[in-house]
Amino acid sequence: MTNISCSAKNCAYNKNMACYKGRINVEGLFSRSKLGTFCESFKTPRERQLFEAELGSDMQSDRLEAFETRTEVNCSANYCVFNKNNKCSAQSIKVGMEEARFRSETECDSFKLK
């Protein structure tokens, strides 16, 4: 499990710069830098609302404090040192791009090339 800080302020799972989703997917199969990665789990508040109406919520409790938030991170960034069998092995990561409006505009700021 990984601590995730998140600067994507338009994401519905971002609360006080921390990710409150139980599991996220970081994509970037052939990425050799953070520029080719993105948080596939990014959702706008409206997208989250529609998703929850259909499938139910996988949000963690809003009562959690940021330091208690630990998330499972699936990762397809094969060239990142933290990718171990498609799971992130980093103790903490940062998802970036403060003004992102779409998941493709986010990136894993913690990416490190093998």
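All residue numbers here refer to positions counted from 1 along the written sequence of the relevant chain. Totals for whole chains, interfaces and linings use every residue, but because this is a predicted model, local features are given only for residues with pLDDT of at least 70 and side-chain atom pairs only at 80 or more, for both listing and counting. Side-chain numbers come from the whole structure's heavy atoms, not from hydrogens or water.

Novice: Just to check I follow, could you spell out the pairing of strand E4 (residues 23–27) for this structure?
Specialist: Look at any regular strand and the pattern is simple: side chains alternate between the two faces of the sheet. Accessibility here uses a 1.4 Å probe with only protein chains present; expressed as a share of the type maximum, an area under 20% marks a residue as buried, one over 50% as exposed, and anything in between as partly exposed. Secondary structure follows DSSP: runs of H or I at least 4 residues long count as helices, runs of E at least 2 residues long count as strands, and numbering of each begins at the N terminus. Covered by surrounding structure in E4 are Ile24 and Val26 only, the residues Arg23, Asn25 and Glu27 on the alternate face being uncovered. The pairing criterion for strands is at least two bridges between them, as found by DSSP. Taken together, the four bridges between E4 and strand E6 (residues 72–75) define a ladder with parallel strand orientation. Opposite Arg23, over in E6, you have Glu72 as the bridge partner. Looking at chain direction, E4 and strand E5 (residues 38–39) are connected through two bridges and run antiparallel. Bridge assignment links Val26 to a residue of E5, and that residue is Cys39.

Novice: Where do I start with the nonpolar core in this structure?
Specialist: Within soluble globular proteins, side chains that are nonpolar tend to cluster in buried spots. By size, the foremost hydrophobic cluster in this structure holds 21 residues, and its most contacted members are Ile4, Ile24, Val26, Val73 and Ile93. Within the residue set of this core, elements represented by two or more residues are strand E1 (3–6), E4, E6 and strand E9 (92–96). It only takes one pair of heavy atoms within 4.5 Å for two residues to be counted as in contact. Sequence-distant contacts of Ile93, defined by excluding residues within four places in its chain, comprise Thr2, Asn3, Ile4, Ser5, Val73, Cys88, Cys108 and Ser110. In this description, a nonpolar core means a group of buried Ala, Val, Leu, Ile, Met, Phe, Trp, Tyr and Cys residues linked to one another through side-chain atoms lying within 4.5 Å.

Novice: What exactly am I supposed to notice about the environment of Phe111 here?
Specialist: Mapped onto the fold, Phe111 is located in the segment after strand E10 (107–108). Taking the relative accessible area as the measure of exposure, Phe111 reaches 10% and is therefore buried. Taking the C-alpha atoms as reference points, Phe111 and Cys80, separated by 31 residues in sequence, lie 5.8 Å from one another. Beyond its immediate sequence surroundings of up to four residues, Phe111 is in contact with Ser31, Arg32, Ser33, Lys34, Thr37, Ala77, Tyr79 and Cys80.

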